[in-house]
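Fold and contact review
Each chain is listed here by its residues.
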Amino acid sequence: MPPFTPRPTFPPLLSLPRSYYLGHHAAGLTKMKTLLASIDLIVECRDYRVPLTSTNPLFEETLGERARVVVLTKRDLGVVGGGGKVERERDQLLRTLHHPTPVLPTTTTSRPSIRALLSTIHTHATAHARSIAGARVLIVGMPNVGKSSLLNALRSVGVGKGKAARTGDQPGVTRKVGTGVKVKGGVEEFGGGGIYILDTPGVFIPYVPDATAMLKLALCGCVKDGIVPSETLADYLLYQLNLRDPSLYAEYSPPTNDVAVLLEGVARRTGRLVKGGQADMEGAAGWLVQRWRNGVVGRFVLDDVSEEGVRAWKEGRGQEGMSGNQLRKMEREERRGRGRVVAGGGS
Ligand SMILES: Nc1nc2c(ncn2[C@@H]2O[C@H](COP(=O)(O)OP(=O)(O)OP(=O)(O)O)[C@@H](O)[C@H]2O)c(=O)[nH]1
């Protein structure tokens, strides 16, 4: 048998939904804007597995001038064990990209990572404080990146108290900007006052121009399940798994580029069958995607965080803020332009 060759690229999906911007996202953003005058520091969360793609330009536009700390959440899902040279270089590249803004990877169950974040928040909140009595910090990010979990972890480490914010494995659990939750008390610089964090609803990008970016965000759980069909997500996951190591799904199928083969294997192995013993492909797809989200079927970063990857990402930026109409118009013009080139080339 010839050796297995993974697909070098994922086929373009022109009909993929490119938006998940909801009413409570817009309302949350407006509320954040009105609170800005009383905020000392922004903690902007991005998902460690998509540290570039989960950047939302709306936060820079809306909250731009405030001091900020960038947190790369769910590090445990992007790295096997503690990581090695590759991970250190990747983290360094991201730090350089955002300099002088601090960039901190976190895992909510890793107390050292939460302690390091709390200490960075302390330093920056005290440096930029508007009140001598305490600091107010706004925690922002895309849906489901782990903002509320981070707030709870900071509170646990900082003041030894239990959960203050509701969390869940689907986006949209937090719908409103919260009141301040104390994560540190007795801060000397505030004459014994504290540091308070305000939780906010996750906010998605109004329009995602790049279909691959939409797939990555949906795979990581920033988009509610069902918006992007689970079989499409499973296919994209298969493409990513094959680029790394097809043995990651050896339990269900031999190496394959055909998602139907893998899903059939998953359905049979896990008993996801419908009438007549047919495989429940959608159920198997949803289950597989969830297993990846939980770190069971491989732990890796989806974005290309290399010098070249960062350059390409920067070049693509600036389009996310456009409205769907503006982008569709641009795409139409681009297609017409390509048509003219082809017609010109043939004459
Ligand atoms: N493995 C892992 N899971 C995490 C981590 N942080 C959060 N999660 C999980 O990610 C999911 C989303 O967490 P939330 O804290 O509810 O996310 P959110 O950003 O507040 O979500 P919205 O309500 O949409 O704004 C939950 O299932 C958490 O348990 C982490 O560091 N590691």
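Just so we're clear, the structure is a prediction, and the values are computed from it rather than from any experiment.

The rules behind these values
Residues numbered from 1 in each chain as written. Predicted model: local features only at pLDDT ≥ 70, side-chain atom pairs only at ≥ 80, totals over all residues. Heavy atoms only, no water. Helix = DSSP H or I, 4+ residues; strand = E, 2+ residues; numbered from the N terminus. Rg over C-alpha atoms; globule rule 2.2 N^0.38 Å. Contact = heavy atoms within 4.5 Å. Areas by Shrake-Rupley, 256 points an atom, 1.4 Å probe, with all protein chains shown as cover. Expected span 1.5 Å × (residues − 1). Buried < 20%, exposed > 50% of the residue type's maximum accessible area, 1.4 Å probe, protein only. pLDDT = per-residue confidence, 0-100. UniProt positions renumbered as here; feature names shortened; annotations may be inferred. Near = heavy atom within 4 Å. Polar contact = N/O pair within 3.5 Å; in protein donor to acceptor, adjacent residues only side chain to side chain. Domains from an automatic or database assignment. Buried area = accessible area lost by both parts, 1.4 Å probe. Salt bridge = Lys/Arg side-chain N within 4 Å of Asp/Glu carboxyl O. Nonpolar A, V, L, I, M, F, W, Y, C, P; charged D, E, K, R; others polar. Core = buried A, V, L, I, M, F, W, Y, C linked by side-chain atoms within 4.5 Å. Pairing = 2+ DSSP bridges. Axes fitted to C-alpha atoms, helices over the stretch in contact; angles between N-to-C directions.

1. Structural notes on the overall build of the chain
Within the chain one finds eleven helices and eight strands. The C-alpha radius of gyration computed for the chain amounts to 22 Å, which stays within 12% of the reference 20 Å derived for 347 residues, consistent with globular compactness. For the chain, the C-alpha atoms occupy an extent of roughly 70 × 55 × 40 Å along the three principal directions. The long-range fraction of contacts in the chain, counting pairs at least 24 apart against all pairs at least 6 apart in sequence, stands at 73%. When the accessible area of the chain is evaluated, it comes to approximately 16,500 Å², of which 52% is carbon and sulfur surface.

2. Here's the deal with helix H9 (residues 281–293)
Compared with the 18 Å implied by 1.5 Å per residue over 13 residues, the 18 Å span of H9 between its first and last C-alpha is a close match. The set of residues buried in H9 consists of Ala284, Ala285, Leu288, Val289, Gln290, Trp292 and Arg293. In this structure, the buried residues of H9 make contact with helix H6 (211–220), helix H7 (230–244) and helix H8 (259–270). Where H9 ends, the next residue or the one after it, Gly295, has phi of about 85°, a positive value.

3. Comments concerning the confidence of the model for the chain
When pLDDT is averaged along the chain, the result is 91, and 91% of the positions lie at 70 or above. Here residues 341–347 scores under 50 on pLDDT; set against residues more than four positions off or in separate chains, the count is zero contacts.

4. Topic: the UniProt feature "binding site: GTP" (unreviewed entry) in the chain
Residues annotated in UniProt with the feature "binding site: GTP" (unreviewed entry) correspond here to Asn144, Val145, Gly146, Lys147, Ser148, Ser149 and Gly202. For this annotated set, covering 59 residues, all C-alpha atoms fall within 12.5 Å of each other, a compact arrangement in space. Within the fold, Ser148 resides in helix H5 (residues 147–159). Ser148 sits in the buried class, given a relative accessible area of 8%. Those residues in contact with Ser148 that sit more than four places away from it in its chain are Ala165, Arg166, Thr167, Thr174 and Asp199.

5. A word on the site of the ligand
Inspection of the region around the ligand gives 20 residues, with Asn144, Lys147, Ser149, Gly172 and Thr174 positioned closest. Thr108 is positioned with one of its backbone polar atoms (N or O) 2.9 Å from an oxygen atom of the ligand. Here an oxygen atom of the ligand sits 2.7 Å away from a polar atom, N or O, in the main chain of Thr174. Computed on the free molecule, the ligand has an accessible area of 660 Å², of which 85% lies beneath the protein chains in the complex.

6. Observations regarding the UniProt feature "domain: G" (unreviewed entry) in the chain
Under the UniProt annotation, "domain: G" (unreviewed entry) lies at residues 136–204. Annotated as 19% helix and 28% strand, the span residues 136–204 places its first and last C-alpha atoms 23 Å apart.

7. Let's talk about the domain arrangement of the chain
Once the domains are mapped, the chain shows domain 1 (1–16 + 228–321) and domain 2 (23–198). The interface is formed by 20 residues belonging to domain 1 together with 20 residues belonging to domain 2. Of the roughly 1,700 Å² buried where domain 1 meets domain 2, counting both sides, 62% is carbon and sulfur surface. Our count for the contact surface shared by domain 1 and domain 2 stands at zero salt bridges. Along the contact surface separating domain 1 from domain 2 lie seven residue pairs in polar contact (both at pLDDT 80 or more). Looking at the side of domain 1 that touches domain 2, the element that brings in the most residues is helix H10 (residues 307–316), giving five residues. A class-by-class count of the residues in the side of domain 1 that touches domain 2 yields seven nonpolar, five polar and eight charged.

8. Details of the nonpolar core
In this structure, Ile121, Leu154 and Phe204 are the most contacted members of the largest nonpolar core, which totals 69 residues. Here this core takes eight residues from H6, the largest share from any one element. Lining this core are residues from two domains, each supplying at least three of them: domain 1 (1–16 + 228–321) and domain 2 (23–198). In this structure, Phe59, Leu138, Val140 and Val203 belong to the second largest nonpolar core, which totals 14 residues.

9. Section: the sheet that holds strand S2 (residues 68–73)
Here six strands make up an open sheet; going across it, the order is S3-S2-S1-S4-S6-S5 and the pairing mixed. Every other strand in the sheet has two partners, leaving strand S3 (103–105) and strand S5 (181–187) as the edge strands with one partner each. The mean angle between the axes of side-by-side strands here comes to 20°, regardless of whether they run parallel or antiparallel.

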